[in-house]
Amino acid sequence: MFDKISFKLILTILVVVVLVFFGFAIMSLKTQKNLVMSQVKNFVNTQSETIKNSTKMAMLSNNREVTHEIIRTVGQHPSIQEVRILNKEGHVMYAADSAEIGIVLDKKAEACYSCHESDRPLERLSISERVRIYRPSPDSDRIMGIINPIYNEPSCWQADCHAHPKSQKVLGVLDLTVCLKQVDEEIAHVTEQMILMAILAIIILGIVLWLLIKKFVDQPVKKLLTATRQVASGNLSYTIPDLGNDELGILARSFNNMTRKLAEARQQLFQSDKMASLGRLAAGVAHEINNPLTGILTYASFLLKRTKDQPELHNDLQVIVRETIRSREIVKGLLDFARQSIPKKVRSDIHQVIERAVTVLENQLTLNHIQLEKKYAPRLPQIAIDPNQMQQVFTNLIVNAQQAIGSKGGKITISTALVRLSPYGKVQIKQALCPKGHDLMDEHLRIDGLPSIKLKIRLNGEEGFVHLDPIYGRNNFRSEISIKNENPEDIVCPKCNISLIDKDQKCPKCEAQVYTLEIPGKGQLHGCITDACQWQYWDAVEKQGPRDYIEIKVSDTGCGIPPEIVHKIFDPFFTTKGQQGTGLGLAVIWGILENHEGTISVKSKVGKGTTFTIHLPVQTG
């Protein structure tokens, strides 16, 4: 219970609320107490003025009996503790208690000190200076006393009695003391009520908080925990019910999306394992069935020549020969794909290699009414290639172009050129590591047939994977969450979650954060991941500068490739030709060019045609 987030949250909030409530209550009580005491002071001062004015006429006429009677009558009020009039020397002239009359008070006493603290009486005092609050004994009630000076007015020194000279400013003081028992009881009562209200408010708030947190935090978190346990046990089909549109609801939907993609990834992994096993099996089977196929083709061809006068049997044998040849081509493609042998490079003329491929296919192009146009650049330098493998590359591309055009006729154009290209957009990143050495290359998600670079980003409270294009500077990345022009909060390794952000560097184009990847033996790759920028810099490659390439373009006027499948055409066993294709031709081409440090790209428009562009480095290294 004590480890639950809901308990910790409620406890924290309640502690803060208690401190705030009691702090507010203390301040409020203090303010109210000061306000009440200020009102009591004003009330007592008003009473003192009333008493002084009531005795004024009696004292002017020197009628001591009337003055005594007024003082005694006032002193009988229950709230008044003591009332008396003192002259300038401290003699008690009038008092509610007759026993006090004639007593001389000590000038250091409670009632006299405020006026006589400087050894001479002050002529003017503020109300706060004239009020004193004290306890006669520690266990008694509080007493408030107020002294009210009686000033020498013209009516006093001009009276017939003329008892006081004009120069005397203060004739004496009226000392009034009242008991504060009732006031203290009221203050104590208000304090108790406020404390009870605060405790009640805290209890009600605690209950409301508990209900709200249980509904909006505890229950959703329990569902999330249940889901994580289900996924941990291998149940990737478990989904969390809709939790609303708040952060936990978004987290639940992200979790469901994650489990769905995990299930898809697991299925793809199973499929990849099956395809790998199938590839190994196919390579073994291809060796075993190649010889029987050769025998079947030989005898079928021999019988075909002897049955020219038997049309029905002749046609059947033609089907056998045709399908045997197709089977042999499939086996040959499987063997070529399985071998991926190391090229035997020699300095060769690329035009001679292309011509050998064209010579083999020239008759087929003529029969299909396809025009072949050659635009060769003069005096191209020889390059280090495996002539046989490169001939296979051009043969496959020309055959694909022929099949895309069909039997209605069209045009295939082969052009060459010597170009100087920046490494930006051409050099392949074949290996990338995080600072802890984890491989970031993702074989399962390929971009244009090449393994992508897998990173994890955190943006606006969401997490998702982003796959970078492995061609330096091409910036054809794919992201699970929309980045647009926003700056990710962090970019981390998907295996160890270590940050890949370079805190000492900003993107020179958009000032966004920059990630840094280790390229073994070739320095570091820096890049920006925002949609509007996508800047990259590879120090080791940029230092080499632009390189010379031989560019070969094979264009056709065929049916074109739909844009939604262009990125899949280099995947093994992917084909758009149905039963006529094996899906291995372009995969083999890609493998051969990778071994030659070359690249291949494609541009296609449905109904207009397709262009494959190959770049082979003049100097390899």
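Keep in mind that this is a model prediction, so the values were computed, not measured.

The rules behind the values
Residues numbered from 1 in each chain as written. Predicted model: local features only at pLDDT ≥ 70, side-chain atom pairs only at ≥ 80, totals over all residues. Heavy atoms only, no water. Helix = DSSP H or I, 4+ residues; strand = E, 2+ residues; numbered from the N terminus. Buried < 20%, exposed > 50% of the residue type's maximum accessible area, 1.4 Å probe, protein only. Contact = heavy atoms within 4.5 Å. Areas by Shrake-Rupley, 256 points an atom, 1.4 Å probe, with all protein chains shown as cover. Salt bridge = Lys/Arg side-chain N within 4 Å of Asp/Glu carboxyl O. Pairing = 2+ DSSP bridges. Axes fitted to C-alpha atoms, helices over the stretch in contact; angles between N-to-C directions. Expected span 1.5 Å × (residues − 1). Polar contact = N/O pair within 3.5 Å; in protein donor to acceptor, adjacent residues only side chain to side chain. Phe/Tyr/Trp six-rings, centres within 6.5 Å; stacked < 30°, edge-to-face > 60°. Lys NZ or Arg CZ within 6 Å of the ring centre and 35° of its normal. Arc of directions from axis to C-beta. Patch = residues over 30% accessible without salt bridge, like charges linked within 9 Å, V, L, I, M, F, W, Y side chains within 5 Å. 1 Å grid on protein atoms, 1.4 Å probe; cavity = no way out; pocket = protein on both sides within 12 Å on 5 of 7 lines; lining within 4 Å. Points joined across faces, edges and corners; volume = space filled by probe spheres on them. Nonpolar A, V, L, I, M, F, W, Y, C, P; charged D, E, K, R; others polar.

Draft legend 1. Region of interest: the overall build of the protein. Within the protein one finds 12 helices and 21 strands. Burial statistics for the protein: of 621 residues in total, 39% are counted as buried. When contacts within the protein are restricted to residue pairs at least 6 apart in sequence, those whose partners lie at least 24 apart make up 63%. Per element, the accessible surface of the protein, about 35,600 Å² overall, is 56% carbon and sulfur.

Draft legend 2. Looking closely at the pattern of salt bridges. Per the counting criterion, the structure on display carries 16 salt bridges. Between Asp548 and Arg420 there is a salt bridge, and its shortest N-O distance comes to 3.3 Å. Here the residue Asp548 occupies a position in strand 19 (residues 547–556), and Arg420 occupies one in strand 9 (residues 410–421), the gap between them amounting to 128 residues. Exposure remark for Asp548: the relative accessible area of 28% places this residue in the partly exposed category. Residues Glu463 and Arg458 are paired through a salt bridge, measuring 2.7 Å at the closest nitrogen-oxygen approach. Taking the relative accessible area as the measure of exposure, Glu463 reaches 46% and is therefore partly exposed.

Draft legend 3. Representation of the sheet that holds strand 2 (residues 92–95). Across the sheet, five strands lie side by side as 2-1-5-4-3; this open sheet has antiparallel pairing. The open sheet has two edge strands, strand 2 and strand 3 (131–134), and neither has a second partner. Pairwise comparison of adjacent strand axes, ignoring direction, gives a mean angle of 20° for this sheet. Bridge analysis of strand 1 (residues 80–87) against strand 5 (residues 170–179) gives seven bridges, and the strand direction is antiparallel. By the bridge assignment for strand 5, Ile80 is matched with Val178.

Draft legend 4. Summary view of the sheet that holds strand 18 (residues 536–538). Strand order in the open sheet formed by four strands is 15-16-17-18, with antiparallel pairing between adjacent strands. Looking at strand neighbours, the two that pair on one side only are strand 15 (501–506) and strand 18, the edges of this open sheet. Sheet twist, expressed as the mean angle between neighbouring strand axes with direction ignored, is 30°. Direction of pairing for strand 16 (residues 513–518) relative to strand 17 (residues 524–527): antiparallel, over a ladder of four bridges.

Draft legend 5. Representation of unusual backbone geometry in the model. In this model, Arg379 sits at a positive phi of 55°, which is unusual for a non-glycine residue. Assignment of secondary structure puts Arg379 in the loop between strand 7 (370–375) and strand 8 (383–385). Judged by its relative accessible area of 79%, Arg379 falls in the exposed class.

Draft legend 6. View of helix 10 (residues 387–405). Counted at 1.5 Å a residue, the expected span for helix 10 with its 19 residues is 27 Å, and the 27 Å between its end C-alpha atoms agrees. Most of helix 10 is tucked away, with 14 of its 19 residues classed as buried. Where helix 10 begins, the capping side chain belongs to Asp386, and its oxygen is found 3.1 Å from the backbone nitrogen of Asn388. Of the residues one or two after helix 10, Gly406 is the one with positive phi, at around 85°.

Draft legend 7. Layout of the packing of aromatic side chains. Applying the stated criterion across every chain, the model contains one aromatic pair. When the centroid spacing of 5.8 Å and the interplanar angle of 85° are considered together, the rings of Tyr472 and Trp538 count as edge-to-face. Here Trp538 lies in strand 18 and Tyr472 lies in the loop between strand 12 (462–468) and strand 13 (478–479), a separation of 66 residues in the sequence. Residue class for Tyr472 comes out buried when judged on its relative accessible area of 0%. Sitting over the face of the ring of Phe465, Lys454 holds its NZ or CZ atom 4.3 Å from the ring centroid.

Draft legend 8. Inspection of the environment of Leu29 at higher detail. Turning to its location among the elements, Leu29 is positioned in helix 1 (residues 5–60). According to the relative accessible area criterion, Leu29 is buried, its value standing at 18%.

Draft legend 9. Examining helix 2 (residues 64–75) more closely. Between the first and last C-alpha of helix 2 there are 16 Å, a value that for 12 residues agrees with the 16 Å anticipated at 1.5 Å per step. Residues Thr67, His68 and Ile71 constitute the buried set of helix 2. For helix 2, the buried positions fall inside an angular range of 100° around the axis, keeping them on one side. Of the surrounding elements, those touching the buried residues of helix 2 are helix 1, strand 1 and strand 2.

Draft legend 10. How the structure looks around the pairing of strand 5. Among the 10 residues in strand 5, nine count as buried, and that is most of the element. Examined bridge by bridge, strand 4 (residues 143–151) and strand 5 share nine bridges and lie antiparallel to one another. Residue pairing in the sheet places Asn148 in a bridge with Leu174 of strand 5.

Draft legend 11. Spatial organisation of a nonpolar patch on the surface. A contiguous nonpolar patch, built from Phe22, Ile195, Ile199, Ile203, Ile207, Trp210 and Leu211 and spanning about 630 Å² of accessible area, is present on the exposed surface. With six residues, helix 6 (residues 181–232) is the largest single contributor of residues to the nonpolar patch. Tracing the backbone shows Ile199 in helix 6. Residue classification places Ile199 among the partly exposed positions, given a relative accessible area of 38%.

Draft legend 12. Geometry of empty space enclosed by the protein. Applying the stated criterion across every chain, the model contains two cavities of 30 Å³ or more. Along the walls of the second largest cavity sit Leu468, Asp469, Asn475, Phe477, Tyr515, Cys528, Ile529, Gln534 and Gln536, which together make up its complete lining. Taken together, the residues of the lining of the second largest cavity break down into five nonpolar, three polar and one charged.

Read these as geometric descriptors, not functional statements.
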